[in-house]
Amino acid sequence: MEKEILISSYDVINDTFVGKIDGKNGYCANYTISEGIFLSIDKNNMPTSVLVDNASVVFNVSKRFLENSNVKIGIDCDSICLYFKMFIENVEICSVKCKNNFGIPNINFEIDSNY
């Protein structure tokens with residue numbers, strides 16, 4: 001499993017969560033992997049960031065809970081499916097499985113704010 005450092009922020013007013021891999025800048029494409037969840041990838045089809053609009057609604061948690069900085073995101077991918085999981089304070093708040101139509105290679109990726 002590849003591990004990276006996550007830099008996350010939550011905007012309470014706009015109810016927007018952003019998680020970015022430390023050291024990665026920009027993106028080549030942005031894909032909707034689930035309603036309100038967007039995954040950005042670089043030129044090598046590797047994830048660089050996650051954006052969630054209406055995060056409290058999408059994750060069905062309070063805005064106060066989303067302000068917590070103890071966030072972990074897991075992204076597993078094979079040639080068929082992409083699996084996305086997000087945890088706050090070790091509580092799973094999201095689990096998504098979607099078709100890998102994004103060209104993302106086989107990866108097992110963990111992005112952790114406490115790495």
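Now for a description of the structure that goes with this document. (Residues numbered from 1 in each chain as written. Predicted model: local features only at pLDDT ≥ 70, side-chain atom pairs only at ≥ 80, totals over all residues. Heavy atoms only, no water.)

## Description of the sheet that holds strand 8 (residues 91–99)
Consideration 1: One open sheet holds the nine strands; their spatial order is 3-4-5-2-1-9-6-7-8, and the pairing between them is mixed. On the outer flanks of this sheet lie strand 3 (29–34) and strand 8, each paired with one strand and no other. Ignoring strand direction, the axes of neighbouring strands in this sheet form an average angle of 20°.
Consideration 2: Both strand 7 (residues 81–88) and strand 8 contribute to a ladder of eight bridges, which runs antiparallel. Across the sheet, Lys85 pairs through a bridge with Ser95, a residue of strand 8. (Pairing = 2+ DSSP bridges. Helix = DSSP H or I, 4+ residues; strand = E, 2+ residues; numbered from the N terminus. Axes fitted to C-alpha atoms, helices over the stretch in contact; angles between N-to-C directions.)

## Topic: the packing of aromatic side chains
Consideration 1: This structure, assessed with the given rule, holds one aromatic pair.
Consideration 2: Here the aromatic rings of Tyr31 and Phe102 are separated by 4.8 Å at their centres, their planes lie at 45°, and the arrangement is tilted. Taken together, the residues span a long stretch of sequence, with Tyr31 in strand 3 and Phe102 in the loop between strand 8 and strand 9 (107–112) at a distance of 71 residues.
Consideration 3: Among the residues examined, Tyr31 registers a relative accessible area of 27% and is labelled partly exposed.
Consideration 4: Using a relative accessible area of 11% as the deciding quantity, one classes Phe102 as buried. (Phe/Tyr/Trp six-rings, centres within 6.5 Å; stacked < 30°, edge-to-face > 60°. Buried < 20%, exposed > 50% of the residue type's maximum accessible area, 1.4 Å probe, protein only.)

## With respect to the side chain of Ser49
Consideration 1: Looking at the element boundaries, Ser49 is found in strand 5 (residues 47–53).
Consideration 2: Among residues more than four places away in sequence, those in contact with Ser49 are Gly19, Lys20, Phe38, Leu39 and Ser40. (Contact = heavy atoms within 4.5 Å.)

## As for the nonpolar core
Consideration 1: Among the nonpolar cores identified, the biggest contains 33 residues, and Ile37, Phe59, Ile73, Ile75, Leu82, Phe84 and Met86 are the most heavily contacted of them.
Consideration 2: Non-local contacts of Phe84, meaning those with residues more than four positions away in its chain, are made with Ile33, Ile37, Val50, Ile73, Gly74, Ile75, Cys94, Ser95 and Val96. (Core = buried A, V, L, I, M, F, W, Y, C linked by side-chain atoms within 4.5 Å.)

## Quick look at the environment of Phe102
Consideration 1: For the pair Phe102 and Lys43, spaced 59 residues apart in the sequence, the C-alpha separation amounts to 12 Å.
Consideration 2: Dropping the residues within four chain positions of it, Phe102 is found in contact with Tyr31, Thr32, Ile33, Ile41, Asn45 and Leu82.

## Regarding unusual backbone geometry
Consideration 1: Positive phi outside glycine occurs at Asn54, with the angle close to 50°.
Consideration 2: Within the element layout of this structure, Asn54 appears in the loop between strand 5 and helix 1 (55–59).
Consideration 3: The phi angle at Asn60 is positive, at roughly 55°, despite the residue not being glycine.
Consideration 4: Following the sequence through the fold, Asn60 ends up in the loop between helix 1 and helix 2 (63–66).

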